[in-house]
Amino acid sequence: MAERYHQYAASSIMEIDLDALRANYRAISCQVKPAQCGAVVKADAYGLGACRVVPALQREGCRLFFVAQLCEAISIEPVLGPDCTVYILNGIDPGNEAVCADRGFIPAINSALQLRNWRILARERGQALPAALQVDSGMSRLGLPAALAADLAKDASLRREVDFRLLMTHLACADEPTHPANRDQLAAFSSLSPLYPDVPSSIANSAGSMLAKAFHFNVVRPGIALYGVDPGPGTASLHPVVRLSARVLQIREVVAGTGVGYGLTHIAPTAQRLATIAIGYADGWPRSLSGIGAAYFEGTRLPIAGRISMDSMTVCLDALTSQTLREGDFVELIGPSQTLADVARDADTIAYEILTRTGTRHQRIYSEQGDIEFINPGDLM
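None of the values given here were measured: they were computed from a predicted structure.

A.B. asks: Help me understand the overall build of the protein chain, please; the structure alone is not making it clear to me.
C.D. replies: Looking only at helices and strands, the protein chain has 12 helices and 21 strands in total. With respect to the three principal axes, the spread of C-alpha positions in the protein chain is 80 × 40 × 40 Å. Looking at the 381 residues of the protein chain, the share that counts as buried comes to 53%. Accessible surface computed for the protein chain: about 16400 Å², of which carbon and sulfur atoms make up 51%. Distance between charge centres in the protein chain, computed from 33 positive and 39 negative side chains, equals 3 Å.

A.B. asks: Is there a simple way to explain the packing of aromatic side chains in this structure?
C.D. replies: A ring pair, where both rings are aromatic, is described by two values, the distance of the centres and the angle of the planes. Overall, the coordinates contain 5 aromatic pairs when judged by the stated rule. Judged by centre distance (4.9 Å) and plane angle (35°), the ring pair of Tyr46 and Tyr227 falls under tilted. Of this pair, Tyr46 sits in helix α2 (residues 42–46) while Tyr227 is found in the loop between β11 (219–220) and β12 (242–254), placing the two residues 181 residues apart along the sequence. Under the relative-accessibility criterion, Tyr46 is labelled buried at 6%. On the basis of relative accessible area, Tyr227 is assigned to the buried category, the value being 1%. The interplanar angle of 15° and the centroid separation of 5.2 Å between the aromatic rings of Phe66 and Tyr87 together place this pair among those described as stacked.

A.B. asks: Can you help me understand the side chain of Glu368 in this one?
C.D. replies: Mapped onto the secondary structure, Glu368 falls in strand β20 (residues 363–368). Residue classification places Glu368 among the buried residues on the basis of a relative accessible area of 10%. For Glu368, the side chain forms a polar contact with the side chain of Arg22, separated by 2.6 Å.

A.B. asks: In this structure, what is going on with helix α9 (residues 180–192)? I would like to understand it.
C.D. replies: Quick reminder: α-helices carry 3.6 residues per turn. Residues three or four places apart thus point the same way. Taking 1.5 Å as the rise per residue, α9 with 13 residues should run 18 Å; its terminal C-alpha atoms sit 19 Å apart, in good agreement. Within α9 the residues assigned to the buried category are Ala181, Asn182, Gln185, Leu186, Phe189 and Leu192. When α9 is viewed along its axis, its buried side chains cluster within an angular range of 135° and face the same direction.

A.B. asks: Looking at this model, I keep getting lost on the pattern of salt bridges. Mind explaining?
C.D. replies: Pairing between side chains of opposite charge can happen when the charged atoms of each approach one another. Scanning the model with the defined rule gives 18 salt bridges in all. The partner of Glu373 in a salt bridge is Arg52, and the shortest N-O contact between them spans 3.1 Å. Of this pair, Glu373 sits in strand β21 (residues 371–375) while Arg52 sits in helix α3 (residues 50–59), and the two are 321 residues apart along the sequence. Classification of Glu373 by relative accessible area gives partly exposed; the value is 33%.

A.B. asks: Mind showing me how you'd approach the packing of helix α1 (residues 18–32) against α3 here?
C.D. replies: Relative to each other, α1 and α3 sit at 50°, their axes nearing to 9 Å. Comparing their axes, α3 and α1 come out oblique. For the crossing formed where α1 meets α3, the hand is right-handed. Taking contact as the criterion, the partners of Leu18, Leu21, Arg22 and Tyr25 in α1 are, on α3, Arg52, Val53, Ala56, Leu57 and Arg59. Here the contact of α1 with α3 is composed, by residue class, of 6 nonpolar, no polar and 3 charged.

A.B. asks: Where do I start with the pairing of β12 in this structure?
C.D. replies: The two faces of the sheet receive side chains in turn, since in a regular strand these alternate between them. Here strand β1 (residues 12–17) runs beside β12; their pairing, made up of 5 bridges, is antiparallel. Pairing of Ser12 across the sheet is with Ala246, part of β12.

A.B. asks: Would you mind showing me how to read α3 here?
C.D. replies: The buried fraction of α3 amounts to 9 of the 10 residues, a majority that puts the element mostly inside the structure. Listed in full, the buried residues belonging to α3 are Ala50, Cys51, Arg52, Val53, Val54, Pro55, Ala56, Leu57 and Gln58. Once α3 ends, the next one or two residues include Gly61, with phi positive near 110°.

A.B. asks: What should I look at first to understand the environment of Val220 in this one?
C.D. replies: Checked against the element boundaries, Val220 lands in strand β11. For Val220, a relative accessible area of 0% corresponds to the buried category. Residues Val220 and Val40 lie 180 residues apart in sequence; the distance between their C-alpha atoms is 9.8 Å. Ignoring sequence-local partners within four residues, the contact set of Val220 consists of Val32, Gln36, Cys37, Gly38, Ser202, Ala204 and Ser209.

A.B. asks: Explain the nonpolar core here, please?
C.D. replies: Note that soluble globular proteins tend to have their nonpolar side chains buried in a common cluster. Counting residues in each nonpolar core, the largest one holds 113 residues, and the members touching the most others are Val41, Leu57, Tyr227, Trp285 and Met313. When residues in this core are grouped by element, the largest group, 6 residues, is from α1. In contact with Tyr227, not counting residues within four places along its chain, are Leu21, Asn24, Val40, Val41, Ala45, Tyr46, Leu48, Val53, Val241 and Leu355. Counting residues in each nonpolar core, the second largest holds 5 residues, with Val254, Ala268, Leu274 and Cys316 among its members.

A.B. asks: Is there a simple way to think about the pairing of strand β17 (residues 300–303) in this case?
C.D. replies: When strand β16 (residues 294–297) meets β17, the two strands line up antiparallel, connected through 4 bridges. Paired with Ala294 across the strands is Pro303, a residue of β17.

A.B. asks: When you look at the side chain of Asp346 in this model, what are you seeing that I'm missing?
C.D. replies: Looking at the secondary structure, you find Asp346 in helix α11 (residues 340–346). Judged by its relative accessible area of 18%, Asp346 is buried. Not counting chain neighbours up to four residues away, the residues in contact with Asp346 comprise Ser288, Leu289, Ile292, Gly293 and Gln338.

A.B. asks: What should I look at first to understand unusual backbone geometry in this one?
C.D. replies: Of all residues except glycine, most have a negative phi; of all peptide bonds, most are trans. The residue after Lys33, namely Pro34, is reached through a cis peptide bond having omega 10°. As for its placement among the helices and strands, Pro34 is situated in the loop between α1 and β2 (36–37). A positive phi angle is found at Ala45, which is not glycine, with a value near 55°.

Here is what the cut-offs are and how they apply
- Residues numbered from 1 in each chain as written.
- Predicted model: local features only at pLDDT ≥ 70, side-chain atom pairs only at ≥ 80, totals over all residues.
- Heavy atoms only, no water.
- Helix = DSSP H or I, 4+ residues; strand = E, 2+ residues; numbered from the N terminus.
- Buried < 20%, exposed > 50% of the residue type's maximum accessible area, 1.4 Å probe, protein only.
- Areas by Shrake-Rupley, 256 points an atom, 1.4 Å probe, with all protein chains shown as cover.
- Lys, Arg positive; Asp, Glu negative; His and termini not counted.
- Charge placed at Lys NZ, Arg CZ, Asp CG, Glu CD.
- Phe/Tyr/Trp six-rings, centres within 6.5 Å; stacked < 30°, edge-to-face > 60°.
- Polar contact = N/O pair within 3.5 Å; in protein donor to acceptor, adjacent residues only side chain to side chain.
- Expected span 1.5 Å × (residues − 1).
- Arc of directions from axis to C-beta.
- Salt bridge = Lys/Arg side-chain N within 4 Å of Asp/Glu carboxyl O.
- Axes fitted to C-alpha atoms, helices over the stretch in contact; angles between N-to-C directions.
- Parallel < 35°, antiparallel > 145°, perpendicular 65-115°, else oblique.
- Left-handed = near helix turned anticlockwise from the far one by under 90°.
- Contact = heavy atoms within 4.5 Å.
- Nonpolar A, V, L, I, M, F, W, Y, C, P; charged D, E, K, R; others polar.
- Pairing = 2+ DSSP bridges.
- Core = buried A, V, L, I, M, F, W, Y, C linked by side-chain atoms within 4.5 Å.

Any link to function would need more than the numbers given here.
Right under this line is the structure:
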C-alpha cells in the first residue's frame with residue numbers, strides 16, 4: 001500500500017490492519033470459549049496506537065482491557081465504552097490510589113504494601129474497592145506469595161474492604177508448551193482458585209491461550225497474538241497486522257574498496273550500487289541489524305551494508321536485475337517478504353521489542369472495513 005502514498009511528508013509508513021487485528025481477536029476468542037477473552041493493550045497497544053486499537057477491539061466485542069500503568073489507563077479512557085473494564089497489571093504506585101479509584105480502574109494487587117494502601121482507602125471511603133489479586137505461582141516477578149493469598153482468603157474483614165474481581169497469575173514458559181514449569185504453575189494456581197470461588201480466575205497470556213483448556217480458566221489475556229505474532233512454535237495461524245516501509249533517500253554507485261557508514265564497517269568488495277533508506281534506530285529499527293538484516297523491493301532482498309544510523313541505513317542493490325528502484329520509492333521492512341518474526345530473529349531479539357520500539361515518526365495508516373485513517377507522525381494520542 002505504501003507505494004500509493006508518495007504525497008505524504010513522512011519518510012516511513014506504518015500500516016496497521018485493524019481488520020486483521022479483529023480477526024485475530026475472533027480466532028483467540030473461539031479458541032478459548034467459554035472463557036472470556038480480554039486484550040492486553042499496554043505500551044500503547046505494543047506500539048500500534050492504543051486509542052485506535054481499543055475501539056477496534058470493542059467493535060469486535062472485547063470489554064476487558066489490561067494495561068501496565070495508571071497513565072496508560074488514563075490515556076485510553078476517552079475511547080472506552082461504559083461497559084468496559086480496565087485492569088492495571090503493575091498495580092498502583094503509592095499515592096495514586098485515589099486517582100485510580102475515582103476513575104474506576106481496577107488495580108492488580110501485587111504486594112503487601114499495595115494491599116495495605118488499597119484497604120486504607122477503602123476504609124476511608126467506607127466501601128469495598130474493586131481489585132484483582134495477582135499471585136506468584138512460580139515466575140518470581142509480580143504477585144503475592146501463594147501462602148499469603150491462601151491466608152487472605154480466610155480474612156473476612158478483607159472481603160468487606162476489597163471486592164476481588166479477578167484472581168490472576170502469569171505463566172513464565174507458556175511459549176514452550178512442554179516445559180514442566182507450565183504444569184507446575186497450573187497446579188499451584190489450581191490449588192488457590194477454589195479458595196476464591198466467586199472470583200473469576202486467569203492464568204493464560206497469548207501463549208497460554210494456545211495451551212490446553214485447563215489453562216484457560218475464566219479469562220484469558222492475549223497480547224502479542226492480537227498483533228499478528230505467533231506466541232509459540234506452531235501454536236496459531238494469525239493474520240499479520242503491521243507493515244512497515246521507508247523511502248529511498250539517495251542512490252549512488254561506489255567503486256571497489258569504498259567504505260560505507262559509521263566506522264566504514266562495510267567495504268565494497270566490487271563496484272556496488274547502494275541506496276540510503278530513511279529509517280534508523282530513532283525509528284525503532286534495531287542497530288543490531290547492521291550488516292545482517294535487509295530491506296526488500298518487489299520481493300528482492302537488499303542486504304544492509306554497514307552500520308544503521310539514527311535516521312538512515314544503507315542497503316545494497318546488486319541483487320536487483322533492473323534499475324526500477326528510484327529515489328523517493330519505498331522499500332519493505334516488515335511485510336509479505338519479511339515478517340515481524342524474521343526481523344526479530346535477525347536482530348537477535350523478540351517481536352515484542354521490535355513492535356514496542358517503533359516510535360512516533362512513521363506516518364500511520366489505519367485500515368478497517370474499507371475505511372482508511374491517516375495519522376501524522378506524533379499525532380497518535
